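Structural overview for review
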Amino acid sequence: MTEYQPPAAAHGVPPDAHGDPNATAHATVYDAVVLAGGAARRLGGADKPAVRVGGRPLLDRVLTACADARATVVVAGPRPTARPVTWAREDPPGGGPVAALDAGLRHVTAEHVVLLSADLPFLDARTVAALLDTLRRSAADGVLLTDADGRDQPLVAAYRVPSLRRELAALSVAHGGTAGLPLRRLTGALDLLRISDPVASFDCDTWDDIATARARIREHGHVLDEWISAVKDELGIDLDVDTGVLLDLARDAAHGVARPAAPLTTFLVGFAAARAGGDADAVAEAARKAAALANRWAEEDAQDTADASPSGGAEPETRTDAG
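This text gives an overview of the structure that appears in the document. In this text the structure is predicted, and so the values were computed from the model without any measurement. (Residues numbered from 1 in each chain as written. Predicted model: local features only at pLDDT ≥ 70, side-chain atom pairs only at ≥ 80, totals over all residues. Heavy atoms only, no water.)

A look at the sheet that holds strand E9 (residues 192–196)
Here we have 7 strands laid out as an open sheet, ordered E5-E4-E1-E6-E8-E7-E9, and mixed in their pairing. The open sheet is flanked by strand E5 (86–88) and E9, the only strands paired with a single partner. With direction set aside, neighbouring strand axes in the sheet form an average angle of 25 degrees. With 5 bridges connecting them, strand E7 (residues 142–146) and strand E8 (residues 152–160) associate as antiparallel partners. Bridging across to E8, Val 143 finds its partner in Ala 158. Docked against the sheet, helix H5 (residues 161–175) engages strand E6 (112–117) and E8, running at close to 110 degrees with respect to E8. (Pairing = 2+ DSSP bridges. Helix = DSSP H or I, 4+ residues; strand = E, 2+ residues; numbered from the N terminus. Axes fitted to C-alpha atoms, helices over the stretch in contact; angles between N-to-C directions. Contact = heavy atoms within 4.5 Å.)

Right, here's the structure in full:
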């Protein structure tokens, strides 16, 4: 297996992914297989994919990270999800990750597949793009993340589908099936590259892990992005907009007009954008117009204040016979 550390690997971002988190993801057509079974013994048998972090089930968070997959297969019993998926089940149920992967691959048609566990609270589209781009640029069978301790995380990885099918067939012949086999039996036969990403590879095996994840997303540097992602999932909105533009607009409306103008203005911008087509460009144009209006409003108020001030012009005439 080959060791690989691309530039910016600590963030899981290849050099040309800066500026557009989805640029490389769009360059590679891929399917996604998410393994959402397992007994979750270290969580006391809880339904781990349904455990909420930042108001969203862990499974939905992972599905958002691979939202641009051509097809997404979840290997588990069916359940409500924020995004449409294809359901599959390993044979026998509970047969382990190799059997689950085998079941998921039966629904895959792309040449590349992203294989993910359903307990990755910090996985995002940028990391998925990095895995796919690194695989596309290489001759390797797959690219996986390593965690903070340098351990391989084969369930946060991108693979060539023919390579997986070749090794699954070999294991099935050698062992009379794939049930009960550890995943290292499969990955050990593959030529793999590695990207170090302690954050994206963080998985939730225990309640302490869940508590750590919940605390992190409420930190100042993460909470806004997390909230926006949660709201979009809850409302079924799949739209990437420049939140900085909207925040600047809210600030200008609050300072230049009145504090309640901020939420009302951003609501009206959203309404106008929806009428204009509802894409990111429509939001940006509506926000631009509203921000310009708020700035004109503030300028007029500042001018009126200056004109009314004794220091803003000539000293006012106060004599009784003036006029």
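So that's the structure; there's more coming.
What about the side chain of Asp 209?
Tracing the backbone through its elements, the reader meets Asp 209 in helix H7 (residues 207–217). By relative accessible area, which is 19% here, Asp 209 ends up buried. Ignoring any residue separated from it by four or fewer positions in sequence, one finds Asp 209 in contact with Phe 202, Asp 203 and Cys 204. (Buried < 20%, exposed > 50% of the residue type's maximum accessible area, 1.4 Å probe, protein only.)

Concerning the nonpolar core
The biggest cluster of nonpolar side chains holds 30 residues, and the ones touching the most others in it are Tyr 30, Val 34, Val 74, Leu 116 and Leu 123. Elements that contribute at least two residues to this core include exactly strand E1 (31–35), helix H2 (58–65), E6, helix H4 (125–137), E7, E8 and E9. Filtering out sequence-adjacent residues up to four positions away, Leu 116 remains in contact with Val 33, Val 34, Leu 35, Val 62, Cys 66, Leu 123, Leu 155, Val 156 and Ala 157. Ala 100, Leu 101, Leu 144 and Leu 181 belong to the second-largest nonpolar core, a separate cluster that totals 24 residues. (Core = buried A, V, L, I, M, F, W, Y, C linked by side-chain atoms within 4.5 Å.)

Remarks on the environment of Asp 279
Checked against the element boundaries, Asp 279 lands in the loop between helix H10 (261–275) and helix H11 (280–308). As a C-alpha pair, Asp 279 and Leu 239 span 40 residues in sequence and 6.9 Å in three-dimensional space.

Here's the deal with the packing of helix H9 (residues 243–256) against H10
The geometry of H9 relative to H10 is characterised by a closest axis approach of 8 Å and an angle of 135 degrees between their N-to-C directions. Looking at the two axes, H9 sits oblique to H10. Read as a crossing pair, H9 and H10 show a hand that is right-handed. Of the residues in H10, those touching H9 at Leu 246, Leu 249, Ala 250, Ala 253 and Ala 254 are Ala 261, Ala 262, Thr 265, Thr 266 and Val 269. In terms of residue class, the contact of H9 with H10 is made up of 8 nonpolar, 2 polar and no charged. (Parallel < 35°, antiparallel > 145°, perpendicular 65-115°, else oblique. Left-handed = near helix turned anticlockwise from the far one by under 90°. Nonpolar A, V, L, I, M, F, W, Y, C, P; charged D, E, K, R; others polar.)

What to know about the pairing of E1
Remember that side chains alternate between the two faces of the sheet whenever the strand is regular. Burial runs high along E1: 5 of the 5 residues are buried. The two faces of E1 match: Asp 31, Val 33 and Leu 35 on one face and Ala 32 and Val 34 on the other face are all buried. Sheet topology places E1 next to strand E4 (residues 72–75); 4 bridges connect them, and they run parallel. Bridge pairing in E4 links Leu 35 to Val 75.

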